[in-house]
Amino acid sequence: MSNSTALVRRSYDPTAVAVIGPFQNKFVEVVRAANPADAPNDDNTSDLVVVRLTAKGNQALFELCHTHDQKEVWCFPSYEFVIHKDSITASQVKTGRPSYVNAILIASRGLPQRTRCTKNSRWVFAEDVRVPGYWGGACAGCKWRDGAASCSYADKNEAKYIPPSMVPAPRLAIEELED
Ligand SMILES: [Zn+2]
């Protein structure tokens, strides 16, 4: 485990984010412009923003979760994360591409690391954030472009991260059907 190198973040409740208002149908809500300290490993800080998943974005992310690991990590606490402005589009999310889904799960649920991943392209994610024991331990930036195996953090034998709490998965209509 690399908990000693993880930075501390405070979780938020995505079900309460942008329920109404201009971000209602957006995937993420911009919380603020990022400070260089928010992404100490990214050299290009001019367009960095701190974002949260919106209620609808978080629900959409759940609908794209098909594997056990995806559904499990979706239930982990959510944290703000740092991206280059407008680098995650609704069109990309709608493709349901597993590397996008997994990278967004990692970025929104994972632990930021102090040590720089030298393979993180930083096209999208400015931080080196990962969920130990999931997707080979790769950071979100490497997972986004399907480069998990070459991530600086890649570790296939790592124990699965145990989060401080879990949120329940949403009730699905199909589960409520009765005979
Ligand atoms: Zn990486």
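The following paragraphs examine the structure supplied in this document. Since the structure is predicted, the reported quantities are computational estimates derived from the model, not experimental observations.

Here we come to the coordination of the zinc ion. A metal bound by six donors in octahedral fashion has ideal angles of 90 or 180 degrees, whereas one bound by four tetrahedral donors has an ideal angle of 109.5 degrees. In the first shell of the zinc ion, the protein supplies Cys117 (SG), Cys139 (SG), Cys142 (SG) and Cys151 (SG), at 2.3 to 2.4 Å from the metal. Given 4 donor atoms and angles of 103 to 117 degrees at the metal, the environment of the zinc ion is assigned as tetrahedral.

As a further point, take the packing of aromatic side chains. Within a pair of aromatic rings, the relevant descriptors are the distance that separates the centres and the angle that separates the planes. In total, this model carries 7 aromatic pairs according to the counting rule given. With a centroid separation of 4.1 Å and an interplanar angle of 20 degrees, the aromatic rings of Tyr100 and Trp144 are classed as stacked. With Tyr100 in helix 4 (residues 98-109) and Trp144 in helix 5 (residues 140-144), this pair connects stretches of sequence that are 44 residues apart. For the residue pair Tyr100 and Trp144, the accessibility class agrees, reading buried in each case. Through a chain of ring-to-ring contacts, three or more aromatic side chains come together here, namely Phe76, Tyr134, Trp135 and Tyr161.

Let's shift gears to the pairing of strand 3 (residues 48-53). A regular strand places its side chains so that they alternate between the two faces of the sheet. Within strand 3, 5 of the 6 residues are buried, which leaves the element mostly enclosed by the surrounding structure. Sheet topology note: the strand 2 (residues 28-33)/strand 3 ladder contains 5 bridges and is antiparallel. Directly across from Glu29, in strand 3, lies its bridge partner Arg52. Inspection of the sheet shows strand 3 paired to strand 5 (residues 81-84) by 4 bridges, in the antiparallel sense. Bridged to Val50 within strand 5 is Val82.

Turning our attention to the sheet that holds strand 3. Pairing is antiparallel across the open sheet formed by 3 strands, whose spatial order is 2-3-5. The outermost strands of the open sheet, each flanked by one partner alone, are strand 2 and strand 5. The average angle at which neighbouring strand axes cross in this sheet is 45 degrees, direction not considered.

Within the fold, Ala154 resides in the loop between helix 5 and helix 6 (173-176). For Ala154, a relative accessible area of 34% gives the class partly exposed. Once the C-alpha coordinates of Ala154 and Val124 are considered, the two residues, 30 residues apart in sequence, prove to be 19 Å apart. If near-sequence neighbours (up to four positions away) are discounted, Ala154 is found in contact with Gly136, Ala148 and Ala149.

For the rest of this paragraph, the subject is the side chain of Ser87. Structurally, the position occupied by Ser87 is in the loop between strand 5 and helix 3 (90-95). Residue Ser87 is classed as buried on the basis of its relative accessible area, which comes to 14%. For Ser87, the side chain forms a polar contact with the main-chain oxygen of His84, separated by 2.6 Å. When near neighbours in sequence (up to four residues on either side) are disregarded, Ser87 contacts Gln92, Trp123, Val124 and Trp144.

Calculation rules
Residues numbered from 1 in each chain as written. Predicted model: local features only at pLDDT ≥ 70, side-chain atom pairs only at ≥ 80, totals over all residues. Heavy atoms only, no water. Donors = N, O, S within 2.8 Å, 3.2 Å for Na, K, Ca; no water. Tetrahedral: all angles 85-135°; square planar, octahedral: opposite > 155°, others 65-115°. Phe/Tyr/Trp six-rings, centres within 6.5 Å; stacked < 30°, edge-to-face > 60°. Helix = DSSP H or I, 4+ residues; strand = E, 2+ residues; numbered from the N terminus. Buried < 20%, exposed > 50% of the residue type's maximum accessible area, 1.4 Å probe, protein only. Pairing = 2+ DSSP bridges. Axes fitted to C-alpha atoms, helices over the stretch in contact; angles between N-to-C directions. Contact = heavy atoms within 4.5 Å. Polar contact = N/O pair within 3.5 Å; in protein donor to acceptor, adjacent residues only side chain to side chain.

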